[in-house]
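Chains, contacts and geometry: an overview
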Amino acid sequence: MPPLNCLYEKIPGAKNFTMHELLRSARAERLGIPNVPDLNSCARLIHITQEIAQPARDALGKIVVSSGFRSPLLNMATPGASLTSAHQFGAALDLQPKKVSAPELALWIVTYCEVWDQVIYERRPGGGEWVHVSLYPPGSPAPNRMQIRRHWPKDGDDYPHINRAQLAAWACARS
Ligand SMILES: [Zn+2]
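Residues numbered from 1 in each chain as written. Predicted model: local features only at pLDDT ≥ 70, side-chain atom pairs only at ≥ 80, totals over all residues. Heavy atoms only, no water.

The final tally for this structure, using the stated rule, is 6 salt bridges. Notably, a salt bridge pairs Asp117 with Arg145, separated by 2.9 Å at the nearest N-O pair. Taken as a pair, Asp117 in the loop between helix H5 (102-112) and strand S5 (118-123) and Arg145 in the loop between strand S6 (129-134) and strand S7 (147-151) lie far apart in primary sequence, 28 residues in all. Two residues, Asp155 and Arg150, come together in a salt bridge whose shortest N-O distance is 2.8 Å. Classification of Asp155 as buried rests on a relative accessible area of 8%. (Salt bridge = Lys/Arg side-chain N within 4 Å of Asp/Glu carboxyl O. Helix = DSSP H or I, 4+ residues; strand = E, 2+ residues; numbered from the N terminus. Buried < 20%, exposed > 50% of the residue type's maximum accessible area, 1.4 Å probe, protein only.)

Structure, rendered in structure tokens:
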């Protein structure tokens, strides 16, 4: 068992992120739900952070991971979370950019990252917004789908597909 301090060390190849940041969950703490990934989930978390979160951080400035890994139990206790959520496999991150808007971050990912599974521009009543991004490492059973979607309050349970031009228009309107 490695010392717990290692959770606070920077992820190799992702100098602005720690494993602690990808695992912490206020909801899990509040409800006493363990939120411990297995080794495969750990590897996926490191992969998506190296391939997407850190490059975006380098280009766009500070980005906070508002949700990373969610154990299946924690995922079930998360309002609005899909039962098939990639967060359960360490393959998804919710990213809140601090220097640019969420649509700008989403646009950056789909423009500059070679591969992703889903990029979802999420907005909630009261102003919260973030980008959900998922990515499976090479050799995973399911191919990365390269989808761009949005999930806004009025969408209900739907995740309509959108395109780069729509993201660009929202990004422009906000910058
Ligand atoms: Zn998410």
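Relative to strand S2 (residues 14-18), strand S1 (residues 10-11) runs antiparallel, the two sharing 2 bridges. By the bridge assignment for S2, Lys10 is matched with Thr18. (Pairing = 2+ DSSP bridges.)

Another point: the packing of helix H3 (residues 39-60) against H5. Helix-helix packing is described using two parameters, namely the angle between the two axes and the distance between the axes. The geometry of H3 relative to H5 is characterised by a closest axis approach of 11 Å and an angle of 120° between their N-to-C directions. As H3 packs across H5, the resulting crossing turns out to be right-handed. Judged by residue contacts, Ile52, Pro55, Ala56, Ala59 and Leu60 of H3 engage Leu105, Trp108 and Ile109 from H5. Here the contact of H3 with H5 is built from residues that sort into 8 nonpolar, no polar and no charged. (Axes fitted to C-alpha atoms, helices over the stretch in contact; angles between N-to-C directions. Left-handed = near helix turned anticlockwise from the far one by under 90°. Contact = heavy atoms within 4.5 Å. Nonpolar A, V, L, I, M, F, W, Y, C, P; charged D, E, K, R; others polar.)

Residues other than glycine seldom take positive phi values, yet Met146 does so here, at roughly 55°. Relative to the assigned elements, Met146 resides in the loop between S6 and S7. Classification of Met146 by relative accessible area gives partly exposed; the value is 37%.

What follows covers the packing of aromatic side chains. Evaluated as defined, the whole model comprises 4 aromatic pairs. Between Tyr121 and Trp152, the aromatic rings sit 5.6 Å apart at their centres with planes inclined by 85°, giving edge-to-face as the arrangement. Here the residue Tyr121 occupies a position in strand S5, and Trp152 occupies one in the loop between S7 and helix H6 (164-174), the gap between them amounting to 31 residues. Ring geometry for Tyr121 against Trp170: centres 5.8 Å apart, planes inclined by 55°, an arrangement best described as tilted. A residue pair is termed long-range when its members are at least 10 positions apart, and Tyr121 in strand S5 and Trp170 in helix H6 qualify at 49 residues. An aromatic cluster is present here, built from Tyr121, Trp152 and Trp170 joined pairwise through their rings. (Phe/Tyr/Trp six-rings, centres within 6.5 Å; stacked < 30°, edge-to-face > 60°.)

So, on to the packing of H5 against H6. For the pair H5 and H6, the least separation of the axes is 8 Å and the interaxial angle reads 140°. Judged by the inter-axis angle, H5 sits oblique to H6. Remark: the crossing between H5 and H6 carries left-handed chirality. Contact residues: Pro103, Glu104, Ala106, Leu107, Val110 and Thr111 in H5; Arg164, Leu167, Ala168, Trp170, Ala171 and Arg174 in H6. Looking at the contact of H5 with H6, its residues break down into 8 nonpolar, 1 polar and 3 charged. (Parallel < 35°, antiparallel > 145°, perpendicular 65-115°, else oblique.)

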